[in-house]
Amino acid sequence: MAEWIYDGTFNGFLCLIHETAKTREFPGNIRTFQGEEQSFLFPPKIAERDDLLAAAVRDVLRRRLSGRVFTSGYFAFLSSGKEREMAVYRYFSLVWQKGASADRLLTDSRVAAVHEARRAVSRERHRYLGLLRFSEMSGILYAQFSPEADVLPLIAGHFAVRLAQERWIIHDTGRNRAALHDSGTWCITDFRQNRELSLSAGEKAVQELWKRYFTSTAVRTRENRRLQQHFMPKKYWKYLPEKDPPEEL
């Protein structure tokens with residue numbers, strides 16, 4: 001079984017599925033491009049990304065596997081698992097052969113792996129929908145976060161509806177990517193923030209008020225950090241302004 005490489009995007013992965021289906025060869029491994037490929041003895045096979053082809057493959061998979069199965073595979077693909085591509089490939093292959101009812105074979109490791117990854121991604125998406133903090137910077141709303149899974153595509157659409165009239169940037173600092181929204185449309189692109197952004201005067205005042213509110217409503221005698229971290233783990237605290245004390249304290 002050959003090793004396959006692709007560009008790391010979901011569209012690229014769908015094109016890889018199409019190419020392996022044409023050759024009827026189950027991949028031995030799937031990975032993303034890693035610079036120059038030096039292996040001459042066993043060179044990997046390359047799946048080139050074609051967005052039109054990916055759209056066609058997406059339609060076929062939705063019809064054959066069901067929308068639920070396809071969505072589960074997509075969420076699992078966005079997870080942080082090291083072998084996520086092979087896990088999703090095995091899952092899609094199983095359901096393709098046995099039908100959508102195979103998705104209920106919860107004791108099958110191929111199904112269980114994808115369901116577990118889907119749940120983890122769904123939980124992280126849900127948390128960031130409530131914990132993401134936007135700051136006003138020169139007429140643009142800017143939010144930064146560093147999720148474990150690649151949930152940026154899953155939350156950008158939500159905020160495109162919720163903040164439809166605003167210009168905003170949601171920056172995944174760990175992956176150096178961002179969702180950019182302007183005039184009712186949004187896209188995801190590579191993004192690096194090389195200098196510290198300055199908050200507007202109004203934003204500084206709002207953050208200070210929010211810190212005071214958060215501090216004043218806390219009951220010191222009933223503080224329970226362990227319980228607090230259970231509901232909101234510390235990995236989410238980095239970009240929450242209310243976790244810093246107000247200036248006068």
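Everything here concerns the structure above.
Residues numbered from 1 in each chain as written. Predicted model: local features only at pLDDT ≥ 70, side-chain atom pairs only at ≥ 80, totals over all residues. Heavy atoms only, no water.

### Here we look at the sheet that holds strand S5 (residues 140-145)
Part 1 of the argument: In space, the five strands of this open sheet follow the order S4-S5-S6-S7-S8, with mixed pairing throughout. The two strands at the open ends of the sheet, each matched to only one other strand, are strand S4 (135-137) and strand S8 (185-190). In this sheet, neighbouring strand axes are inclined to one another by 25° on average, regardless of whether the strands run parallel or antiparallel.
Part 2 of the argument: Two strands pair when backbone bridges link them, and strand S7 (residues 177-182) and S8 are joined in this way by six bridges, in the antiparallel orientation. By the bridge assignment for S8, Ala179 is matched with Ile188.
Part 3 of the argument: On the sheet, helix H6 (residues 152-162) packs against S5, strand S6 (168-172), S7 and S8 and is oriented at approximately 165° with respect to S6. (Pairing = 2+ DSSP bridges. Helix = DSSP H or I, 4+ residues; strand = E, 2+ residues; numbered from the N terminus. Axes fitted to C-alpha atoms, helices over the stretch in contact; angles between N-to-C directions. Contact = heavy atoms within 4.5 Å.)

### Thoughts on the pattern of salt bridges
Part 1 of the argument: Taken as a whole and assessed by the stated rule, the structure comprises twelve salt bridges.
Part 2 of the argument: With its nearest N and O atoms 2.7 Å apart, the salt bridge here joins Arg49 to Asp51.
Part 3 of the argument: Residue Asp51 is classed as partly exposed on the basis of its relative accessible area of 39%.
Part 4 of the argument: When the shortest N-O distance is used, the salt bridge between Arg177 and Asp150 registers 3.1 Å. Pair noted here: Arg177 is in strand S7 and Asp150 is in the loop between S5 and H6, with a separation of 27 residues, a long-range link. (Salt bridge = Lys/Arg side-chain N within 4 Å of Asp/Glu carboxyl O. Buried < 20%, exposed > 50% of the residue type's maximum accessible area, 1.4 Å probe, protein only.)

### What to know about the nonpolar core
Part 1 of the argument: Ranked by size, the top nonpolar core spans 56 residues in total, and within it Phe13, Phe92, Trp168 and Ile170 carry the most contacts.
Part 2 of the argument: By size, the runner-up hydrophobic cluster in this structure holds five residues, among which are Tyr142, Ile169, Ala178 and Phe191. (Core = buried A, V, L, I, M, F, W, Y, C linked by side-chain atoms within 4.5 Å.)

### Section: the sheet that holds strand S3 (residues 45-46)
Part 1 of the argument: Reading across the sheet, the three strands line up as S2-S1-S3 and stay open at both edges, with parallel pairing between neighbours. Bordering the open sheet on either side are strand S2 (29-32) and S3, each of which pairs with just one other strand.
Part 2 of the argument: Relative to S2, strand S1 (residues 3-6) runs parallel, the two being bridged by four bridges. In the sheet register, Glu3 faces S2, and the bridge partner there is Asn29.
Part 3 of the argument: Helix H4 (residues 84-98) contacts S1 and S2 of the sheet and is inclined by roughly 135° relative to S2.

### Quick look at the packing of helix H1 (residues 10-23) against helix H3 (residues 67-77)
Part 1 of the argument: Between H1 and H3, whose axes approach to 11 Å, the crossing angle comes to 120°. Of the possible angle classes, the one that applies to H1 and H3 is oblique. Remark: the crossing between H1 and H3 carries right-handed chirality. Across the interface between the two elements, Phe10, Phe13 and Leu14 of H1 pack against Phe70, Tyr74 and Phe77 of H3. (Parallel < 35°, antiparallel > 145°, perpendicular 65-115°, else oblique. Left-handed = near helix turned anticlockwise from the far one by under 90°.)

### Comments concerning H4
Part 1 of the argument: With 15 residues, H4 should cover 21 Å at 1.5 Å per step; its first-to-last C-alpha distance of 21 Å lies within 8% of that length.
Part 2 of the argument: All of the buried residues along H4 are Arg84, Glu85, Met86, Val88, Tyr89, Tyr91, Phe92, Ser93, Leu94 and Val95.
Part 3 of the argument: In this structure, the buried side of H4 is in contact with S1, H1, S2, helix H2 (51-65), H3 and helix H5 (109-131).
Part 4 of the argument: Following H4 by one or two positions, Gly99 has its phi on the positive side, about 95°. (Expected span 1.5 Å × (residues − 1).)

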